[in-house]
Amino acid sequence: MIKFTKMQGLGNDYVYIDAINQKIEDESALAKFVSDRHFGVGSDGLILICKSKVADFKMRMFNSDGSEAEMCGNGIRCVAKFVYDKNLTNKTTLTVETLAGIKQLKLNTKDGKVETVRVNMGEPILEPEKIPVNSKEKPVRHLKLQAEDKEFEFTCVSMGNPHAITFVKDTKNFDVEKYGKVLEINPIFPKKTNVEFIQIVDKEHIKMRVWERGAGETLACGTGASASGVACVLNNLTNRKVLVELLGGNLEIEWNEKDNHVYMTGPAVTVFEGELPD
């Protein structure tokens, strides 16, 4: 039997497995199985906590379609809660290895449990070839793309994974699925892309809905919120510190002017635990 923990950050839910003390095989197939909301556990994907030679822990993240992704902001906060609450570490400052680099996390605890986590998401990547997006503009702020019956203008940012951010008047009534699934696979994005639809409330508050690459619309996306905060600053729409309101709750995003790093603060919650058959 494989022990697992279902966790969520703002409704962005994953199945977490300790792969340090348990042997996991065929991670892609396992991700598809556990993600199924009718026949599996039900989640946006699978996250494995592994040993690392360069950090305290290593995180491997798989989307619900079985593809491995570079990074997940909501997911990494739950990794911090997982390892601390399960006594795999007693540190309140951690480093976690991801395919998007090593991330630094600060754990905020209450009564011996992690409540919120502040993640140093690193520097935003703005070079089009590194995002990647086929554009000669740097930074990419005026990428015009047609999807179905609409033309969109995108700002493109990578937080270790690709994001295309566009601004709309009303996120609540916007058809994210209709346009998101078309834009995700536009050939201008060599590795596909996550798509963020942003509504500006004021200089310190934005609303966001997201179509995640390989997963569809989710209730929240930490890397997407981080990329969107950067995009808002690049377009002179908000301050460098902004509250991002997502379907699943709120994240605080700050693009620090001194070190050029993006900092994300938000909750991490354990939903339930269980066992999977071998």
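This is a predicted model, so every value here is computed, not measured.

J.: What is the right way to look at the overall build of the protein in this model?
T.: Scanning the protein for helices and strands turns up 4 helices and 18 strands. Relative to a compact globule of 278 residues, whose C-alpha radius of gyration would be 19 Å, the protein shows 18 Å and is just as compact. The principal-axis extent of the C-alpha atoms belonging to the protein is close to 50 × 40 × 35 Å. In the protein, which comprises 278 residues, the share counted as buried stands at 56%. Put simply, the protein shows about 12,500 Å² of open surface, and 46% of that area lies on carbon and sulfur atoms. Across the protein, the centroid of the 37 positively charged side chains sits 3 Å from that of the 40 negatively charged ones.

J.: Quick question: what am I supposed to make of the environment of Val 79 here?
T.: Along the chain, the position of Val 79 falls in helix 2 (residues 73–85). Residue classification places Val 79 among the buried positions, given a relative accessible area of 0%. Here Val 79 is in contact with Tyr 16, Ile 47, Ile 49 and Met 59, once residues within four sequence places are set aside.

J.: What exactly am I supposed to notice about empty space enclosed by the protein here?
T.: Gaps left between atoms are located by rolling a probe of water-molecule size over the structure's atoms. Counted under the stated rule, the structure contains 1 cavity of 30 Å³ or more. The space that makes up the largest cavity amounts to roughly 60 Å³. Forming the boundary of the largest cavity are Met 61, Asn 63, Ala 69, Met 71, Asn 161, Asn 194, Glu 212, Arg 213 and Thr 223. Taken together, the residues of the lining of the largest cavity break down into 3 nonpolar, 4 polar and 2 charged.

About the criteria used
Residue positions are given per chain, counting from 1 as you read along its sequence in written order. Two thresholds apply to this predicted model, a pLDDT of at least 70 for residue-level local features and 80 or more for giving and counting side-chain atom pairs, whereas whole-chain, interface and lining totals are computed over all residues. For the side-chain quantities, the full set of heavy atoms in the structure was used; hydrogens and water were omitted. Secondary structure elements are defined from DSSP: runs of H or I of at least 4 residues count as helices, runs of E of at least 2 residues count as strands, and each element is numbered from the N terminus. As a reference, a globule follows 2.2 Å times the number of residues to the power 0.38, and the radius of gyration itself is taken over C-alpha atoms. Buried, partly exposed and exposed residues are distinguished by accessible area as a fraction of the type maximum, computed with a 1.4 Å probe on protein chains only: under 20%, between the cut-offs, and over 50%, respectively. The accessible surface values rely on the Shrake-Rupley method and a 1.4 Å probe; as for residues, cover is taken only from the protein chains in view. Two residue types count as positive, namely Lys and Arg, and two as negative, namely Asp and Glu; His and chain ends fall outside the count. Charge positions come from single atoms, namely NZ of Lys, CZ of Arg, CG of Asp or CD of Glu. Throughout, a contact is declared for two residues whenever any of their heavy atoms are within 4.5 Å. The rule is simple: put a 1 Å grid over the protein atoms alone, call a set of points where a 1.4 Å probe fits but cannot get out a cavity, call an open set with protein on both sides within 12 Å along at least five of seven lines a pocket, and count a residue as lining if it has an atom within 4 Å of a point. Grid points are joined across faces, edges and corners, and a volume is the space filled by probe spheres set on the points. Gly counts as polar in this scheme, as do all residues outside two lists: the nonpolar Ala, Val, Leu, Ile, Met, Phe, Trp, Tyr, Cys and Pro, and the charged Asp, Glu, Lys and Arg.

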